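Coordinate inspection notes
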Amino acid sequence: MPTSSSGTGQRPRSRAAAGLPALTADCIIGAATDLTGRRGLDNWTLRELARAVEAYPAVIYHHVGDRDAVVNAVVDRVVGLLELPDERLPWQEWFTELLAGLRELLRTYPGCARRLALFGPSVQAATRSIDAGVGVLLKAGFGRESVLAYNLLLMTACQFVAMEDDRDGALALRIDNTETYATYRERADLPGMAELGAAMHDLMGDPELASGYYAQLYDYAVRRCLDGLAHRLGELRESDELS
C-alpha cells in the first residue's frame, strides 16, 4: 500500500508522490496472473492483489473491475500465452502438439482449466486459437462438425487438467484411496478390481511412475479422442463419396 508522507502522517495523494510507478490495468492483470501461478486462481483475494501492486482495492475496481472481472482477465491472458503449432502439420499431429502445450500451460496456472471448462475464454482471447483449430479441422474434412470436434478436444483437455488441479488439493484422500485400491490386487474373485489394484500397487512402489500418472492419463484421453475423430472423419469421407 502507499505509505504515509514523510513527517506529515498523511498518505500521499498520488503514487508518484509515494515513489511508485503509475498503475495500469495491464500491471494489475500481470500481478494477478503471477499470484495465480504461485497460489492458484481461487486462492487469492482482491485485497491481497491490491497489496501486491501497492494500491487500494478501489484502484483495482477502477482499472479492471471486481474480482470476477480480474479472474476473467487472468484466464484471457493465460489463453494468450498458448503457442499454436505449425499450421502445415497434419490435423492429428497439430492437435497432439497443441494439447500437450495446453496442459503444460494450464498446470502452470492452477484453476484456469476449470474456469475454461465451465465458461471458456472471452471471444477476443479465443479468436486466435479457435480460428486456427477449427480451420485445421475444416481443412481435414470435418465440415460442419469441425466446431463440435474442436470443442470435444479442448473441453476434454481442460476437464482433465481441472481434475488434476483439484486432486492436488486433496493429496491425503488420494493417497488413502490408492492404498485401499492396492489391497485388491490379489482378489481373483474380482478380476477388474485386481487389475486396478495391481496398477495402484505399481504406482505406490514407483515414485517416477506415480509423478507421471496424470500426464499419461491426459495423453491417453487426448489420443483416444483423436482416434475416435479419425474414425468419424473416415465415415464423413465415405458419406461424401456416396452422395
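Residues numbered from 1 in each chain as written. Predicted model: local features only at pLDDT ≥ 70, side-chain atom pairs only at ≥ 80, totals over all residues. Heavy atoms only, no water.

1. Concerning the packing of helix H4 (residues 67–80) against helix H6 (residues 112–119)
At their nearest, the axes of H4 and H6 sit 10 Å apart, and the two run at 100° to each other. It follows from the interaxial angle that H4 and H6 lie roughly perpendicular. Counted together, Asp 68, Val 71, Asn 72, Val 74, Val 75, Val 78 and Val 79 of H4 and Cys 112, Arg 115 and Leu 116 of H6 form the full contact between these two elements. A class-by-class count of the residues in the contact of H4 with H6 yields seven nonpolar, one polar and two charged. (Axes fitted to C-alpha atoms, helices over the stretch in contact; angles between N-to-C directions. Helix = DSSP H or I, 4+ residues; strand = E, 2+ residues; numbered from the N terminus. Parallel < 35°, antiparallel > 145°, perpendicular 65-115°, else oblique. Contact = heavy atoms within 4.5 Å. Nonpolar A, V, L, I, M, F, W, Y, C, P; charged D, E, K, R; others polar.)

2. With respect to the nonpolar core
Counting residues in each nonpolar core, the largest one holds 53 residues, and the members touching the most others are Leu 49, Trp 91, Phe 95, Leu 99, Leu 102, Leu 106 and Phe 142. Of all the elements in the fold, those that place two or more residues in this core are helix H1 (25–39), helix H2 (46–52), H4, helix H5 (91–108), H6, helix H7 (123–140), helix H8 (146–168) and helix H12 (213–242). With residues up to four places along the chain from it excluded, the contact list for Leu 106 reads Val 78, Cys 112, Ala 113, Leu 116, Cys 158, Val 161 and Asp 165. (Core = buried A, V, L, I, M, F, W, Y, C linked by side-chain atoms within 4.5 Å. Buried < 20%, exposed > 50% of the residue type's maximum accessible area, 1.4 Å probe, protein only.)

3. Examining H8
In this model H8 runs 34 Å from its N-terminal to its C-terminal C-alpha over 23 residues, within 8% of the 33 Å that 1.5 Å per residue would give. Listing the buried residues of H8 in full gives Ser 146, Ala 149, Tyr 150, Leu 153, Leu 154, Thr 156, Ala 157, Cys 158, Val 161, Ala 162, Glu 164 and Asp 165. Those residues of H8 that are buried are in contact with H5, H6, H7 and H12. (Expected span 1.5 Å × (residues − 1).)

4. Observations regarding the side chain of Thr 33
Here Thr 33 shows up in helix H1. The class of Thr 33 is buried, set by a relative accessible area of 5%. The contacts of Thr 33, once residues within four sequence positions are left out, are Val 74, Arg 77, Val 78 and Tyr 109.

5. Description of the environment of Gly 135
With respect to the helices and strands, Gly 135 occurs in helix H7. Owing to a relative accessible area of 28%, Gly 135 belongs among the partly exposed residues under this scheme.

6. Looking at the UniProt feature "DNA-binding region" (unreviewed entry) in the chain
UniProt tags residues 45–64 as "DNA-binding region" (unreviewed entry). Secondary structure content for residues 45–64 is 70% helix and 0% strand, and the end C-alpha separation is 14 Å. (UniProt positions renumbered as here; feature names shortened; annotations may be inferred.)

7. Some details on the pattern of salt bridges
Close approach of charged atoms lets side chains of opposite charge pair. Taken as a whole and assessed by the stated rule, the structure comprises 13 salt bridges. Ionic pairing is found between Asp 26 and Arg 77, a salt bridge with its closest N-O pair at 2.4 Å. Highlighted residues: Asp 26 in helix H1 and Arg 77 in helix H4, separated in sequence by 51 residues. Look at Asp 26 and you get partly exposed, because its relative accessible area is 48%. Through salt bridges with shared partners, a single network forms among Arg 103, Arg 107, Glu 164 and Asp 165. (Salt bridge = Lys/Arg side-chain N within 4 Å of Asp/Glu carboxyl O.)

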